[in-house]
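# Remarks on the overall topology
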Amino acid sequence: MKNAFCIPLILVMTFAGCVPAAIEAKLPSGQTLKMSFYPGGNTLDDLIIIDGKNYFGKAEYQMNDPLGDIGFRFKSGERVQAECKVVGKNIIGDDECKSYSVYRSSFQMIPEGSVLPRPEHF
């Protein structure tokens, strides 16, 4: 009986890290682009899913700078870079970026001028 309980618990704990950060970018055209971001960690590439298509690469951000620029470098060589445009307070009252604006992009689906909210998991 103990094993019947342990196996589902282990599976839940294993896959708990597989929950993506949902991101809805507002494009300059006024359209909304829905994405899912999965961090890969040290050994795996990060993953962005857009319209069911996988895009692998590496997220670029500074852990110790909550107002710093963010970016994503795709395995294809394309890159998106965004800067903080809206600052707000986090749960403990420290400043953090609430919204980013893309200032450089070679990835056609996320053009310059797109606005991205802070990802839910960060």
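For the structure itself, look to the data block above.
Residue indices begin from 1 for each chain and proceed along its sequence in written order. Totals for whole chains, interfaces and linings use all residues, but because this is a predicted model, local features are given only for residues with pLDDT of at least 70 and pairs of side-chain atoms are given and counted only at 80 or more. Excluding hydrogens and water, the side-chain figures rest on all heavy atoms present in the structure.

We define the nonpolar core as a collection of buried residues of types Ala, Val, Leu, Ile, Met, Phe, Trp, Tyr and Cys that are connected through side-chain atoms lying within 4.5 Å of one another. The classification of residues rests on relative accessible area computed with a 1.4 Å probe and restricted to protein chains. Under 20% of the type maximum is buried, over 50% is exposed, and intermediate values are partly exposed. Within the largest apolar cluster, 21 residues are counted, with the highest numbers of intra-cluster contacts made by Leu33, Met35, Ile50, Phe107 and Ile110. Strands are runs of DSSP state E lasting at least two residues, helices are runs of H or I lasting at least four, and both sets are numbered from the N terminus onward. For this core, the secondary-structure elements that each account for two or more residues are strand E1 (21-26), strand E2 (32-38), strand E3 (46-50), strand E5 (70-74), strand E6 (79-89) and strand E7 (95-105). In this analysis, two residues are considered to be in contact whenever any of their non-hydrogen atoms come within 4.5 Å of each other. Apart from residues lying up to four places away in sequence, Ile50 is in contact with Leu33, Lys34, Met35, Tyr55, Phe107 and Met109.

This next bit is on the side chain of Gln81. Mapped onto the elements of the fold, Gln81 is located in strand E6. Those residues in contact with Gln81 that sit more than four places away from it in its chain are Ile70, Gly71, Ser101, Val102, Tyr103 and Arg104.

A few words on the packing of aromatic side chains. When two rings of Phe, Tyr or Trp (its six-membered ring) have centres within 6.5 Å they constitute a pair, described as stacked for plane angles under 30 degrees, edge-to-face for angles over 60, and tilted for the intermediate range. By the definition in use, this model includes five aromatic pairs. When the centroid spacing of 5.2 Å and the interplanar angle of 80° are considered together, the rings of Tyr55 and Phe107 count as edge-to-face. Of this pair, Tyr55 sits in strand E4 (residues 53-60) while Phe107 sits in the loop between E7 and strand E8 (115-117); the two residues are 52 residues apart in sequence, bridging distant segments of the chain. Both rings, one in Phe74 and one in Phe107, keep their centres 4.1 Å apart while their planes meet at 20°; by these two values the pair is stacked. Placement of the pair is Phe74 in strand E5 and Phe107 in the loop between E7 and E8, with a sequence separation of 33 residues. Both residues of the pair, Phe74 and Phe107, count as buried. An aromatic cluster is defined as three or more aromatic residues linked by ring pairs; in this entry it consists of Phe37, Tyr55, Phe72, Phe74 and Phe107.

Quick look at the pairing of E6 now. Pairing between strands requires that DSSP locate at least two bridges from one strand to the other. Relative to E6, E5 runs antiparallel, the two sharing four bridges. Its bridge partner lying in E6, Arg73 is registered against Arg79. The antiparallel hairpin formed by E5 and E6 contains four residues in its connecting segment, where Gly77 sits at a positive phi of about 100°. Bridge count for E6 against E7 is nine bridges, and the pairing is antiparallel. Among the inter-strand pairings, Val86 is bridged to a residue of E7, identified as Ser99. Counting the residues between successive antiparallel strands, the hairpin from E6 to E7 contains five residues, one of them, Gly93, with a positive phi of roughly 90°.

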